[in-house]
Amino acid sequence: QVQLVESGGGLVQTGDSLRLSCAASGRTSSSRAMGWFRQAPGKERELVAASSWNGSTTYYVDSVKGRFTISRDNTKGTVYLQLNTLKPEDTALYYCAASRMAVPTKSTRDYPYWGQGTQVTVSS
């Protein structure tokens, strides 16, 4: 079992920044890819960013490229998502997830372990 606990969400204004954290415990593996997903009301859950174990392979959805950065501190078992220049359309429930695979993939079916989600709300 892998447990993922997220933190860092909140209510901010357009242009502000947040850093989301995901602390992993249990049967963790440094070889797993880690991803951040988000889901807004009425929309499908989408992969926002993902990273291989050492960050050599990353993925970002087009809408966040240049604004969001995924990083990992494997010694702490923590994955971060830095969200800069936030926009109202970034408002969503953000989930971290651990993959079965070593490299980023886009399907939720590849991620058996999920956090509880942390809400990011960006006001205009």
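Conventions adopted
- Residues numbered from 1 in each chain as written.
- Predicted model: local features only at pLDDT ≥ 70, side-chain atom pairs only at ≥ 80, totals over all residues.
- Heavy atoms only, no water.
- Helix = DSSP H or I, 4+ residues; strand = E, 2+ residues; numbered from the N terminus.
- Buried < 20%, exposed > 50% of the residue type's maximum accessible area, 1.4 Å probe, protein only.
- Phe/Tyr/Trp six-rings, centres within 6.5 Å; stacked < 30°, edge-to-face > 60°.
- Lys NZ or Arg CZ within 6 Å of the ring centre and 35° of its normal.
- Salt bridge = Lys/Arg side-chain N within 4 Å of Asp/Glu carboxyl O.
- Disulfide = S-S within 2.5 Å.
- Pairing = 2+ DSSP bridges.
- Axes fitted to C-alpha atoms, helices over the stretch in contact; angles between N-to-C directions.
- Core = buried A, V, L, I, M, F, W, Y, C linked by side-chain atoms within 4.5 Å.
- Contact = heavy atoms within 4.5 Å.

(A) Layout of the environment of serine 123. Within the secondary structure, serine 123 sits in strand β11 (residues 118–123). On the basis of relative accessible area, serine 123 is assigned to the partly exposed category, the value being 32%. Sequence separation of serine 123 and serine 21 is 102 residues, and the distance between their C-alpha atoms is 21 Å.

(B) A look at the packing of aromatic side chains. Overall, the coordinates contain four aromatic pairs when judged by the stated rule. Summarising the aromatic geometry, the rings of phenylalanine 37 and tryptophan 114 are spaced 4.9 Å apart at their centres and angled 50° between planes, so their arrangement reads as tilted. Note that phenylalanine 37 is positioned in strand β4 (residues 34–39) and tryptophan 114 in strand β10 (residues 113–114), a separation of 77 residues in sequence. Residue class for phenylalanine 37 comes out buried when judged on its relative accessible area of 0%. One aromatic cluster is present, built from ring pairs that chain together Phe37, Tyr95, Tyr111 and Trp114. Here the guanidinium or amino end of arginine 45 rests over the ring plane of tyrosine 95, the centre of that ring lying 4.0 Å away. Above the ring of tryptophan 114, the side-chain terminus of arginine 45 is found at 5.0 Å from the ring centroid.

(C) A look at the pattern of salt bridges. Here the structure, examined in full by the defined rule, presents four salt bridges. A salt bridge links glutamate 46 to arginine 38; the nearest nitrogen and oxygen atoms lie 2.9 Å apart. Here the salt bridges do not stand alone but share partners, grouping Arg38, Glu46, Arg67 and Asp90 into one network.

(D) Geometry of the state of the cysteines. In this structure the tally under the stated criterion is one disulfide. One disulfide bridge connects cysteine 22 with cysteine 96, the sulfur atoms lying 2.0 Å from each other. Given an S-S torsion of about 60°, the disulfide between cysteine 22 and cysteine 96 has right-handed geometry. Of this pair, cysteine 22 sits in strand β3 (residues 18–26) while cysteine 96 sits in strand β9 (residues 92–98), and the two are 74 residues apart along the sequence.

(E) Inspection of the sheet that holds β3 at higher detail. Strand order in this open sheet of four strands is β1-β3-β8-β7, and the pairing throughout is antiparallel. One side of each edge strand has no neighbouring strand; the edge strands of this open sheet are β1 (2–7) and β7 (68–73). Across this sheet, the average inter-strand angle for adjacent strands is 15°, counted without regard to direction. Sheet topology places β7 next to strand β8 (residues 78–83); six bridges connect them, and they run antiparallel.

(F) The nonpolar core, seen in detail. Core analysis: the largest hydrophobic core is formed by 26 residues, its most contacted members being Trp36, Phe68, Leu81 and Tyr94. Counting residues per element, the ones that place at least two in this core are β1, β3, β4, β5 (46–51), β7, β8, β9 and β11. In terms of residue count, the dominant contributor to this core is β9 (four residues). With residues near it in sequence (within four places) discarded, phenylalanine 68 still touches Arg38, Val48, Tyr60, Leu81, Gln82, Leu83, Asn84, Leu86, Asp90 and Tyr94.

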